[in-house]
Amino acid sequence: MEASARLRSAAGPRSALFVAGVGMIVSSAMTIAHFFAANYPVSIFQGSFCDISAFFNCDSSAYASISAVAGMPIGWFGLMLGALVALGAVVPSRDLDRTTAPLVALNAVGVVALALYSVLGLGSLCLLCSGYYLFSFLAVGLYWCYGERPRSRSPWLARPSVTHLAVFGIATLGGAVGVRLYHDARQEAQSGGVATRVVNQFFNLPTVSTPSFLSPFWKVRSTARFEDAPLRLIEYADLLCSDCLYLNTQLDRLVEEFAGKINIVFQFFPLEAKCNDVVDKDLHPGACDVTWMAAYDSTKFKAIHDEIIANFRAARTPEWRAELARRYDVEAALEDSSTHALVERIIRTGVEYEKTSDQYSHGIRSTPTLILNNRMIIGTFPYEQLRAIFQALVDRHEQGDRSFMENWVDGG
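The structure presented is a predicted model; accordingly, all values stated were derived computationally and were not measured.

Basis of the calculations
- Residues numbered from 1 in each chain as written.
- Predicted model: local features only at pLDDT ≥ 70, side-chain atom pairs only at ≥ 80, totals over all residues.
- Heavy atoms only, no water.
- Disulfide = S-S within 2.5 Å.
- Helix = DSSP H or I, 4+ residues; strand = E, 2+ residues; numbered from the N terminus.
- Buried < 20%, exposed > 50% of the residue type's maximum accessible area, 1.4 Å probe, protein only.
- Patch = residues over 30% accessible without salt bridge, like charges linked within 9 Å, V, L, I, M, F, W, Y side chains within 5 Å.
- Areas by Shrake-Rupley, 256 points an atom, 1.4 Å probe, with all protein chains shown as cover.
- Salt bridge = Lys/Arg side-chain N within 4 Å of Asp/Glu carboxyl O.
- Polar contact = N/O pair within 3.5 Å; in protein donor to acceptor, adjacent residues only side chain to side chain.

Chemist: Which residues make up the state of the cysteines, and what values go with them?
Modeler: What makes a disulfide is a covalent bond joining the sulfur atoms belonging to two cysteines. All chains considered together, the criterion is met by one disulfide. The disulfide partner of Cys275 is Cys288, and the gap between their sulfur atoms is 2.0 Å. Its S-S torsion of about -90° marks the bond between Cys275 and Cys288 as left-handed, since a negative value means left-handed. Residue Cys275 is found in the loop between strand 5 (262-268) and helix 10 (287-296), and its partner Cys288 is found in helix 10; the two are separated by 13 residues along the sequence. A residue is classified by how much of its surface remains accessible, and Cys288, at 0% relative accessible area, is buried. We note that Cys244 lacks a disulfide partner, and the nearest cysteine sulfur, in Cys241, lies 3.0 Å from it. Take Cys244: its relative accessible area is 4%, and that puts it in the buried class.

Below is the structure:
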């Protein structure tokens, strides 16, 4: 019996192919949902958190430029191919077999390229994407073992059905147009209705106090006293946290726009049990070391902070960190008791906030967490949303208590 007939007639391989197709659909749909949740949340409470560790991190992939092509999340193409694979399992057809096999092979090449880019380029691996990778390889294996084979003995060289290929292409591109329109609408909403909603939600957050001990490490200082600036931001962050890296990029833009109106204090909160007893495992190995280096000499803090941000992936390696310590002459920081005590004092201020999750005993338990003008924001959000909040706070500072929110909502 020829191989193609085995795939069309054997229940076992056909069931496995159906599982592979559905798996590709589900994992693709999850990556698409995560892409929009990470880049375009619809409220202040729906920021994305998919950071299992520094390496297993879906947020890095969602924020990467390669995550979307012309406004379309690349997961869309995977979803459509998964649908084609599942259809071939449910409705066995020689022509459909011959059409799907080369597409599955081409997809496998793309999967390998994406995995290499993620690991080597981003220094992380998305578990949602990994699910798609596994199901894609399952489909490849099934087509290799049971797929339509011409005389060349290679299922990838079977001549596809022009009709089936055209229908698949039209359906994929037609759906992609809809996804692109949805993407544009979500993007536009960030500076429109969503921004207005987020600003209202921000001002409805309960007020919290300033930490009893404010870190002496300032990223931006516009006034001599912290409380005198219109924008007062306390940033609980981990120097090896990818979401903190994303936030830093946003803040760099906002600092330029609101120059002279913003103070930013960096409150160390490394997510590594070596120096932070809030975490029960080492989410970001090496975070304590770079924290101690940055905290050792306040005059060198900003330079060390910026260099770690600029070399974020390299900073995860012990060799790079050792060289950083030598270059800035802060090697003693790793064993300096006063530096360790200072960092611990900063970390312990997180205990002062009421718990925000049943899983943790107090409020500051993840990074980034911001105390912005005495309101807590957990996680980070698109630039447009943060800018809207910043602008509303500046307006409130300039207008005093004169119905500024109504004016901002009507005119914003």
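Back to the write-up after that little detour.
Chemist: Before we move on, can you summarise a nonpolar patch on the surface with the specific residues and values?
Modeler: Residues Phe18, Val19, Val22, Val26, Met30, Leu87, Val90, Val91 and Leu138 make up a contiguous nonpolar surface patch of about 720 Å² in total accessible area. Broken down by element, the nonpolar patch gets its largest block of residues, five residues, from helix 2 (residues 11-39). For Leu138, the location among the structural elements is in helix 6 (residues 127-146).

Chemist: Any chance you could break down the pattern of salt bridges for me, citing the residues and the numbers?
Modeler: Here the idea is simple: oppositely charged side chains can pair when their charged atoms come close. Evaluation of the coordinates by the stated rule reveals 11 salt bridges. For the salt bridge of Lys219 with Glu235, the shortest nitrogen-to-oxygen distance reads 2.9 Å. One end of the pair, Lys219, is in strand 3 (residues 218-220); the other, Glu235, is in strand 4 (residues 231-237), and 16 residues separate them in sequence. Assigned by exposure class, Lys219 and Glu235 land together as buried. With a closest N to O distance of 3.0 Å, Arg326 and Glu323 form a salt bridge. In this pair, Arg326 and Glu323 are both assigned in helix 12 (residues 318-327), three residues apart and thus about one turn of the helix distant. Exposure remark for Arg326: the relative accessible area of 46% places this residue in the partly exposed category. Connected through shared salt-bridge partners, Glu307, Glu323, Arg326 and Arg327 make up one network.

Chemist: Give me the environment of Thr299: which residues, what numbers.
Modeler: In this structure, Thr299 sits in the loop between helix 10 and helix 11 (301-310). For Thr299, a relative accessible area of 68% translates into the label exposed. With 82 residues separating them along the chain, Thr299 and Phe217 place their C-alpha atoms 8.9 Å apart. Among the polar contacts made by the side chain of Thr299, one reaches the side chain of Asp297 at a distance of 2.6 Å.

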